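Spelled out, the chains give:
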Amino acid sequence: MRTQVAIVGAGPAGLLLSHLLWLDGIDSVVLETRSRDYVERRVRAGVCEHPTVELLREVGLAGRLEEEGLPHHGINLRFDGEDHRIALTDLTGREIVVYGQQEIVKDLIAARLAAGAEIHFEVSDVELHDVTGDSPRVTFKDSTGATQELRADVIAGCDGFHGVSRPSIPDGILRTYDHVYPFAWLGVLVKAPPSHEELIYTNHERGFALHSMRTPELTRLYLQVDPNDVLADWSDARIWDELHARLAVNGDFELHEGPIVERLLSPMRSFVVEPMRHGRLFLAGDSAHIVPPTGAKGMNLAVADVLALSRALKALLTDGRTDPVESYSDTCLRRVWRAEHFSYFMTTMLHRDYSADPFQHRLQLSQLRYTATSVAAATSLAENYVGLPFS
Ligand code: FAD
Ligand code: DHB
C-alpha cells in the first residue's frame, strides 16, 4: 500500500488531519487499533473552544454540532458556598460549545468514509520504520491478521498518549517534561437533565467537583478522587453523597439524580515532549502532550496541532516548501505551553491538595476570589478558556 500521509490513530487528531489533507488534495490512510464502534462510543471531552468550532464550520464538519451542540456564554466558579460567574462572552466576545468528543469523532468518520477514505480499524502490531529517510513505512496486521505494509511520504503520529509513535523515536532525541498531580477524576454520565444551565467548577473542602452536560437529557459530572482509587471504591450512593456535599450552595441548588450510564477514572498529569517531529514523523495531539482536564484543553490542542500540520504538509507535498515543516514543532509548542500553564492554573486553583499546608490553601482561596471579582483576572481566565486564536 502507498499513500502520501500515513496517519496512526483515529482519534480527533488523526481523523481531522485526514479530512484537512483531503480538502487540500492530499491522500492519507488512517490506522486504528480499536473498532469503529469503540472509538465512536468512547466518552471523553465535552468543551469545544471557539477557534475549534470555527474551524469545524469552515471545513464543513459542523452540521450536527450546530443542531445539537450547546453554546455557552459563561461558566461558574463555586467556592465558599457561592457561585461566581465568569461571563465568557461579555468579557471576550466569544463562546464555547458543549458537544461530546465522540460526536465529533462520529461526524469525522462519517465524512471521511463518505469521501471514500481508507480507515483501517482493528489493526495490531503497528510499527514505524525509516522515519528519518525519504520513504518511511508503517507495518501492521489488518483486522484479518494479515501483515501489511504502508509506504508514505510522511507519518503523522496521532495515536494518543499510549500509542507507538512517540516511543518509536530513539532515546536522546526528545526532551520530556512531566508533572503528576496528587488527584484523579471520577467522571460519570447520568441520564438526568442538567441541574444548571452552565458548567460549575467547585472548590470544596472535600475536593473538586464539576457539573457539566452533554444534552438537555444527559448530565456529565466529575469528582476529584485519590489517584490510587479504583472504580469499585465508588458505589453509586457514595458518588451521589459526594456530589451533593461538594456542589451544595447557599440558597437554591437541586442536583438532579438519575441512572449512571457510564463511568471512568482518569489520572491527572501534565506532559510535553519537544520537539514534536523526528525526521518524517510528526507527533500531534495527546501523543505529544497531555494536560490535566480541568481547563478542557486536550482535544482543542489536538485540533490546533493538526491544523498547523495540514498547512505544513500541504506546503511540503504540494509546493515543495520545507519552512512550515521545519517550524511545525515550534508553532505548536507555543500554544501547547500556554494551554499547559492554563490547565495547571485551573487544576491547582480548584483542587484540594491535602499535602499542602494551610498557607498554600489561603493562597488558593485568594486566587479564586481575585479571579472571580477582578475584571482583569476574569478576562484572562475567559480568553484562555474560550481559546486564543489559531496562529
Ligand atoms: P486520542 O483521542 O487518544 O486518539 C488516539 C487514537 O489512537 C485512539 O483512537 C487510539 O485507540 C489509537 N491508537 C493508540 N495506539 C495505537 C496504535 N499503536 N496504532 C494505531 N492506533 C492507535 N479535552 C478537551 O479539549 N476538552 C474537554 O472538555 C476535555 N475533557 C476531558 C475529560 C476527560 C475525563 C478526559 C480523559 C479527557 C478530556 N479531554 C478534554 C482530553 C481529550 O479527550 C484528549 O486530549 C483527546 O482525545 C486527544 O485526541 P487525540 O486524537 O490526540 O488522541
Ligand atoms: C468537561 C470536561 C472538562 O475537562 C471540563 O473542564 C469541562 C467539561 C466535560 O466533559 O463536559
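Residues numbered from 1 in each chain as written. Chains lettered and ligands numbered in written order. Predicted model: local features only at pLDDT ≥ 70, side-chain atom pairs only at ≥ 80, totals over all residues.

The protein chain carries the name p-hydroxybenzoate 3-monooxygenase in an unreviewed UniProt entry, which gives Kibdelosporangium banguiense as its organism.

Colleague: What's the story with the overall build of the protein chain in this structure? I'm lost.
Modeller: The secondary structure content of the protein chain amounts to 12 helices and 20 strands. Scaling as 2.2 N^0.38, a compact globule of 391 residues should have a C-alpha radius of gyration of about 21 Å, and the protein chain matches this with 21 Å. Projected onto the principal axes, the alpha-carbon positions of the protein chain cover approximately 65 × 40 × 40 Å. Counting across all 391 residues of the protein chain, residues that qualify as buried make up 45%. (Helix = DSSP H or I, 4+ residues; strand = E, 2+ residues; numbered from the N terminus. Rg over C-alpha atoms; globule rule 2.2 N^0.38 Å. Buried ≥ 20, exposed ≤ 12 C-beta atoms within 10 Å, placed from the backbone.)

Colleague: Is there a simple way to explain the environment of Ile290 in this structure?
Modeller: Turning to its location among the elements, Ile290 is positioned in strand S20 (residues 289–290). Judged by local crowding, Ile290 falls into the buried class, with 22 C-beta atoms found within 10 Å. Between the alpha carbons of Ile290 and Ala87 there is a distance of 27 Å; along the sequence they are 203 residues apart. Discounting chain neighbours no more than four positions away, the residues touching Ile290 are Phe161, Arg269, Ser270 and Phe271. (Contact = placed C-beta atoms within 7 Å.)

Colleague: Mind showing me how you'd approach the nonpolar core here?
Modeller: One broad rule of soluble globular proteins: the nonpolar side chains tend to lie buried together. Ranked by internal contacts, the top residues of the largest apolar core, which has 110 residues, are Leu17, Ile155, Ala156, Ala284, Val306 and Leu309. Setting aside chain neighbours within four positions, we find Ala284 in contact with Ala13, Leu17, Ala156, Gly157, Cys158, Ala302, Asp305, Val306 and Leu309. (Core = buried A, V, L, I, M, F, W, Y, C linked by C-beta atoms within 7 Å.)

Colleague: Help me understand unusual backbone geometry in this model?
Modeller: Leaving glycine out, the prevailing phi sign among residues is negative, and the prevailing peptide bond configuration is trans. Each neighbour pair has its own omega, and for Glu274 with Pro275 the value is -10°, a cis peptide bond. Summarising the element assignment, Pro275 is placed in the loop between strand S17 (260–274) and strand S18 (277–278). The phi dihedral of Asp80 is positive, around 50°, even though this residue is not glycine.

Colleague: Whenever I open this one, the pairing of strand S6 (residues 82–86) confuses me. Can you help?
Modeller: Along a regular strand, successive side chains alternate from one face of the sheet to the other. Examined bridge by bridge, strand S5 (residues 75–79) and S6 share five bridges and lie antiparallel to one another. Within S6, the position partnered with Leu77 by the bridge is His84. Between S5 and S6, which pair antiparallel one after the other, the connecting turn spans two residues, and Asp80 there sits at a positive phi close to 50°. (Pairing = 2+ DSSP bridges.)

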